Amino acid sequence: MNILRNKYFRTGLAIASYLLTMYVLGDYVIVPLFKKIFNLEFYNNLLILSHSHFSYLVNTYNSMISVLNVILQASIYLLAIVFLLVFLYPELNKDFDSYKNNEGKILSTIGVGVLLYFGLTIASGILTQALASINGSSPESQNQNAIVELFNNGALPKIAMVLTTVVVGPLVEELVFRKSIFNLIPNKIVALVVSSIIFGLIHTINFDYSFMDLIIVTIPYISAGISFGYVYYKTDNIYASYFLHAGLNLLSVLSILFM
């Protein structure tokens with residue numbers, strides 16, 4: 001089984017398992033099974049009929065569905081994490097030892113990554129405003145709106161969403177978009193560019209946008225991907241980019257909750 005020791009082969013398996021879990025098992029197995037088990041269509045039709053008389057049931061139902069949807073998304077992420085950890089374990093173990101031995105340098109690089117993130121956020125905001133003026137409209141990020149909506153549906157959706165957004169999601173994305181892509185592409189600058197573009201598109205491509213609107217809403221995510229990729233590029237350590245990603249997502253969550 002020498003082939004399993006090959007970094008490129010295991011990385012290919014990691015990416016394949018991510019795509020299989022998120023876009024095949026998730027969409028065609030886990031989600032349909034979830035809907036069947038909870039019989040959501042039946043309850044939804046029942047609540048539509050009783051809406052005017054039992055509005056409190058509608059609110060309870062909506063809150064429950066929000067929680068279940070977040071848990072469902074988290075479960076798909078967790079399944080992806082299992083595969084990613086199995087296939088990328090040697091690199092993760094190596095990065096852990098490297099982090100312990102170079103903690104000060106890595107933490108300072110994360111600090112630079114924070115400054116880079118906010119600098120690129122400002123620059124991308126100026127660029128998207130300019131493009132929106134040319135386009136004649138300023139599209140909203142449907143991904144961000146979906147997150148905000150979930151946070152407005154009660155305490156349980158908030159807790160579930162925080163865990164998904166701050167802990168689980170960044171881990172999956174860093175293992176795929178930094179560790180895996182940098183493993184496969186020898187030229188680190190090219191890997192940084194490619195990983196940032198794919199990272200941006202994965203957050204927007206599934207929504208209904210015109211081509212120009214897609215470019216506008218993707219730019220901020222690409223700029224975030226550049227800051228995460230920069231930290232990985234400088235440290236060659238997945239824990240560095242993960243801590244930056246998770247920390248900035250936490251900051252974003254707190255801004256949604258308290259602003």
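Residues numbered from 1 in each chain as written. Predicted model: local features only at pLDDT ≥ 70, side-chain atom pairs only at ≥ 80, totals over all residues. Heavy atoms only, no water.

Asks: Outline the packing of helix 7 (residues 188-202) against helix 8 (residues 211-235), supporting the account with residue identities and numerical values.
Replies: Their axes nearest at 7 Å, the elements helix 7 and helix 8 cross at an angle of 145°. For the element pair helix 7 and helix 8, the recorded crossing hand is right-handed. Listed contacts from helix 8 to K188, I189, L192, S196, I197, F199, G200 and L201 of helix 7 are T218, Y221, I222, A224, G225, I226, F228, G229, Y230 and Y233. Tallied by class, residues from the contact of helix 7 with helix 8 come to twelve nonpolar, five polar and one charged. (Axes fitted to C-alpha atoms, helices over the stretch in contact; angles between N-to-C directions. Helix = DSSP H or I, 4+ residues; strand = E, 2+ residues; numbered from the N terminus. Left-handed = near helix turned anticlockwise from the far one by under 90°. Contact = heavy atoms within 4.5 Å. Nonpolar A, V, L, I, M, F, W, Y, C, P; charged D, E, K, R; others polar.)

Asks: Tell me about the environment of T109, residues and numbers included.
Replies: Summarising the element assignment, T109 is placed in helix 4 (residues 103-135). A residue is classified by how much of its surface remains accessible, and T109, at 11% relative accessible area, is buried. Taking the C-alpha atoms as reference points, T109 and Y230, 121 residues apart in sequence, are found 9.1 Å from one another. Ignoring sequence-local partners within four residues, the contact set of T109 consists of V231, K234 and T235. Within polar-contact distance, the side chain of T109 engages the backbone oxygen of K105 at 2.9 Å. (Buried < 20%, exposed > 50% of the residue type's maximum accessible area, 1.4 Å probe, protein only. Polar contact = N/O pair within 3.5 Å; in protein donor to acceptor, adjacent residues only side chain to side chain.)

Asks: Can you tell me about helix 7, naming the residues and giving the values?
Replies: Because each turn of an α-helix spans 3.6 residues, side chains separated by three or four positions end up pointing in the same direction. Taking 1.5 Å of rise per residue, the 15 residues of helix 7 would be expected to cover 21 Å, and the 21 Å separating its terminal C-alpha atoms lies within 8% of that figure. Turning to helix 7, its buried residues are A191, L192, S195, S196, F199 and G200. Projected down its long axis, helix 7 shows its buried positions confined to an angular sector of 155°, all on one face. Where helix 7 begins, the side chain of N187 points an oxygen toward the backbone nitrogen of I189, at a separation of 3.0 Å. (Expected span 1.5 Å × (residues − 1). Arc of directions from axis to C-beta.)

Asks: Help me get a handle on the packing of helix 4 against helix 9 (residues 238-258), residues and values and all.
Replies: Where helix 4 meets helix 9, the closest approach of the two axes is 10 Å, and the angle between their N-to-C directions is 45°. Between helix 4 and helix 9, the crossing angle belongs to the class labelled oblique. As for the relative orientation of helix 4 and helix 9, their crossing is right-handed in sense. Packed against helix 4, whose contacting residues are I106, I110, G113, V114, Y117 and F118, the element helix 9 presents A240, F243, L244, L248 and L251 at the interface. The class makeup of the residues in the contact of helix 4 with helix 9 is ten nonpolar, one polar and no charged. (Parallel < 35°, antiparallel > 145°, perpendicular 65-115°, else oblique.)

Asks: Report on the nonpolar core, specifying residues and quantitative values.
Replies: Counting 34 residues, the largest nonpolar core has L84 and V172 as the members making the most contacts within it. Of all the elements, helix 3 (residues 55-101) adds the most residues to this core, at ten residues. In this view, L84 contacts A14, S17, Y89, V172, L175 and V176; residues no more than four positions away in its chain are not counted. (Core = buried A, V, L, I, M, F, W, Y, C linked by side-chain atoms within 4.5 Å.)

Asks: Describe the side chain of N237, with residues and values.
Replies: Residue position: N237 is located in the loop between helix 8 and helix 9. Within the structure, N237 has its side chain in polar contact with the backbone oxygen of D95 (distance 2.7 Å). Within the local environment of N237, its side chain forms a polar contact with the backbone nitrogen of Y239, the two atoms lying 2.9 Å apart. Other than its neighbours up to four places away in sequence, N237 contacts D95, S98, Y99, I106 and Y232.

Asks: Provide a residue-level description of helix 9, including the pertinent values.
Replies: Helix length check: helix 9, at 21 residues, gives a terminal C-alpha distance of 30 Å against a target of 30 Å (1.5 Å per residue), a fit within 8%. The set of residues buried in helix 9 consists of I238, A240, S241, Y242, L244, H245, A246, L248, N249, V253 and I256. Looking at where helix 9 begins, the residue whose side-chain oxygen comes 2.9 Å from the main-chain nitrogen of Y239 is N237.

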